[in-house]
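# Tertiary structure, described
Residue-level listing of the chains:
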Amino acid sequence: MGDLILKVGQESEILSSKTSLGLRENIEGCLCYTLTWLTGLVFFVLETKSRFVRFHAMQSFLTFAVLSMLISILQTSFGVDRFIDYFLINLNPLLLPYLFLHNPVMFYSQLLDGLLVLSLIPFLLWLFLIYAAYRGIRYRLPLTGDLAEKIVGDVYKP
């Protein structure tokens, strides 16, 4: 699915090194995914020292911007009037548990109709990428991870 790029001893180095914003790299890597593409863009601009954080920031930006658009378009093919609803849910995976807690009946009806099943993809991917960044793992997704690596390599100046 993706490449795990981590050398022996590199994990402990990532977990202890500081960034230009004063946080540990793994914590800042997690924060890159917090609000999906938005925090990815913010951390890509603000972080000047850590290549690890910039990679996760760009991967977050590319992955969730593209994924939220594609899945929202696919979901609206079932009901055109709901594009904004699906786009917001796909844009920020935190809205999925909120929707469940706020209105479980509507959540289950949408889930059974198959419309929210596609929203589980970015939600599960979001959780996995946060976990990988926290562990200090530079997990590259097949398409966006390679592109993020290329962009960071072109822009990064230590």
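Description of the structure in this document. Since we're looking at a predicted model, the values are computed, not measured. (Residues numbered from 1 in each chain as written. Predicted model: local features only at pLDDT ≥ 70, side-chain atom pairs only at ≥ 80, totals over all residues. Heavy atoms only, no water.)

### Section: the overall build of the chain
Scanning the chain from N- to C-terminus turns up nine helices and two strands. Looking at the 158 residues of the chain, the share that counts as buried comes to 44%. Counted over contacts in the chain with a minimum sequence separation of 6, partners at least 24 positions apart contribute 66%. For the chain, the exposed surface amounts to about 8,500 Å²; the carbon and sulfur share of it is 72%. (Helix = DSSP H or I, 4+ residues; strand = E, 2+ residues; numbered from the N terminus. Buried < 20%, exposed > 50% of the residue type's maximum accessible area, 1.4 Å probe, protein only. Contact = heavy atoms within 4.5 Å. Areas by Shrake-Rupley, 256 points an atom, 1.4 Å probe, with all protein chains shown as cover.)

### Thoughts on the nonpolar core
Side chains of a nonpolar character, in soluble globular proteins, are inclined to be buried together. Core analysis: the biggest nonpolar cluster contains 21 residues, and Y33, L96, L116, L129 and Y139 have the highest contact counts within it. Elements represented by at least two residues in this core include exactly α2 (25–34), α4 (51–76), α5 (83–91), α6 (95–102) and α8 (120–134). Sort the elements by how many residues they give to this core and α8 lands first, with six residues. Of all hydrophobic cores here, the second largest spans eleven residues; its members include F43, L62, A148 and V152. (Core = buried A, V, L, I, M, F, W, Y, C linked by side-chain atoms within 4.5 Å.)

### Quick notes on the packing of aromatic side chains
Under the counting rule described, the total for this entry stands at three aromatic pairs. With a centroid separation of 4.9 Å and an interplanar angle of 85°, the aromatic rings of F128 and Y139 are classed as edge-to-face. Here Y139 lies in strand β2 (residues 138–140) and F128 lies in helix α8, a separation of eleven residues in the sequence. Given a relative accessible area of 37%, F128 falls into the partly exposed group. Seen from the ring of F44, R54 lies directly overhead, with NZ or CZ sitting 4.3 Å from the centre. (Phe/Tyr/Trp six-rings, centres within 6.5 Å; stacked < 30°, edge-to-face > 60°. Lys NZ or Arg CZ within 6 Å of the ring centre and 35° of its normal.)

### Remarks on α8
Between its first and last C-alpha atoms α8 spans 21 Å; for 15 residues at 1.5 Å apiece the expected length is 21 Å, and the two agree. Taken residue by residue, α8 has P122, F123, L125, W126, L129, A132 and A133 as its buried positions. If you follow the buried residues of α8, they end up packed against α2, α4, α5, α6 and β2. In the segment just after α8, G136 is the residue with positive phi, at about 85°. (Expected span 1.5 Å × (residues − 1).)

### With respect to the state of the cysteines
Per the stated rule, a full pass over the model turns up zero disulfides. Left unpaired, C30 is separated from the closest cysteine sulfur, that of C32, by 8.7 Å. Look at C32 and you get buried, because its relative accessible area is 0%. (Disulfide = S-S within 2.5 Å.)

### Here we look at the side chain of S50
Relative to the helices and strands, S50 is located in the loop between α3 (37–46) and α4. S50 sits in the buried class, given a relative accessible area of 3%. Within polar-contact distance, the side chain of S50 engages the side chain of E25 at 2.4 Å. (Polar contact = N/O pair within 3.5 Å; in protein donor to acceptor, adjacent residues only side chain to side chain.)

So far we have only geometry, and geometry alone does not tell us how the molecule works.
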